[in-house]
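Topology and contacts: notes
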Amino acid sequence: MTDAIRITQLSKQFDRLKALDEVSFDIPRGSFFGLLGPNGAGKSTLINIMAGLSRASSGHISVLGYDVLSNWRKARFNLGVVPQELVYDPFFTVREMLYLQSGYFGFSKENHAWVEELMESFSLADKADTNMQKLSGGMKRRVLIAQALVHKPEVVVLDEPTAGVDVELRRALWQFTRDLHAKGHTILLTTHYLEEAQALCKRIAILNQGKLVALDDTKDLLNHHPYRVLCLKLPDHKLPNLPDALQAKVLERNASHISLQLHREQDNIIEVLAALQQAGIAFTDLHTKEPDLEDVFLNLTANTQTRAIGHTV
């Protein structure tokens, strides 16, 4: 089966800045895929190249087998992009905006029923004849998502779709996204809300300073993380003095609890507890915390060195 998106040795140079550095990975058809990275990692640059808004310095991107340069019409017809910025034309109503976008892809009045359905799905029906400029930020975000779907693309890119929206809209967006995925659409998501990526995405790529530093199934990515956290609850609310050997492992310490980051292979929990007891540090409760996606993300992007994990390229 053809991959939904294939990225091959993709590089992008802006003067002396290399925004993307020979990035290669595939997004399987029908997958829910997360593209993560800190600000400036190259995520938006990659999406702009994919959408035809920017040209790569070298390398290729294809959408459902269609190269975004040599076969750009078919590539863009199969791609719907929800941009991070609230970009809209202030001279049109919601309905006019969506009809116009539909026309760009060659659809005429027979597609208007789908546009009306989209407005209903995003609770935009009562705003259909409202000028875009008069909508709230959340409503504009809904219109942009509907706009990306008017031509029924198989591949949908969501670039920070929940940035700046309220909790109610965020939940509605994720439910609609899940429904899209259930209908067979491939979803590519970028987000700074890592708990959302962990809950939604089955496979994840992480960029850091233009390089691909991780590519793996979400579960495997979490399992490969080398650390876990030991949390201790203290009884007397006095800030304890830890043994020197444990000082470097402290994540958090106050009068009520201590959190220690322990390496899965190098640190033996029994030996750590014995060292605490020998130092006269008592505790009333303890538990271990397995890593979440935020822990993995911070571990991979904490410095400029590319670290290998899972099926890293």
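Structure's up top.
Reference entry: report on the structure contained in this document. (Residues numbered from 1 in each chain as written. Predicted model: local features only at pLDDT ≥ 70, side-chain atom pairs only at ≥ 80, totals over all residues. Heavy atoms only, no water.)

Let us look at the sheet that holds strand E2 (residues 17–27). Ordered by their spatial adjacency, four strands build an open sheet running E2-E1-E4-E5, and the pairing between neighbours is antiparallel. Two strands close off the open sheet at either side, each with one partner strand: E2 and strand E5 (66–67). Looking at chain direction, strand E4 (residues 58–63) and E5 are connected through two bridges and run antiparallel. Bridge pairing in E5 places Val 63 opposite Tyr 66. (Pairing = 2+ DSSP bridges. Helix = DSSP H or I, 4+ residues; strand = E, 2+ residues; numbered from the N terminus.)

Bringing the pairing of strand E3 (residues 32–36) into the picture now. The buried count for E3 comes to five of five residues, which makes it a mostly enclosed element. With burial as the criterion, each face of E3 is covered, one bearing Phe 32, Gly 34 and Leu 36 and the other bearing Phe 33 and Leu 35. By the bridge criterion, four bridges tie E3 to strand E9 (residues 203–208) in an arrangement that is parallel. Paired with Gly 34 across the bridge in E9 is Ile 204. (Buried < 20%, exposed > 50% of the residue type's maximum accessible area, 1.4 Å probe, protein only.)

Here we come to the side chain of His 151. Locating His 151 in the fold gives a position in the loop between helix H5 (137–149) and strand E7 (155–159). Judged by relative accessible area, His 151 falls into the buried class, the value being 3%. Setting aside residues up to four positions removed in sequence, His 151 forms contacts with Arg 76, Phe 77, Leu 79, Gly 80, Phe 105 and Phe 107. (Contact = heavy atoms within 4.5 Å.)

The six strands lie next to each other as E6-E7-E8-E3-E9-E10, forming an open sheet whose pairing is mixed. The open sheet has two edge strands with one neighbour each: strand E6 (79–82) and strand E10 (211–217). Within the sheet, the average angular offset between the axes of one strand and its neighbour, ignoring direction, is 15°. Its contacts with the sheet place H5 against E6 and E7, and it is angled at close to 170° to E6. Docked against the sheet, helix H11 (residues 293–301) engages E3, E9 and E10, running at close to 30° with respect to E9. (Axes fitted to C-alpha atoms, helices over the stretch in contact; angles between N-to-C directions.)

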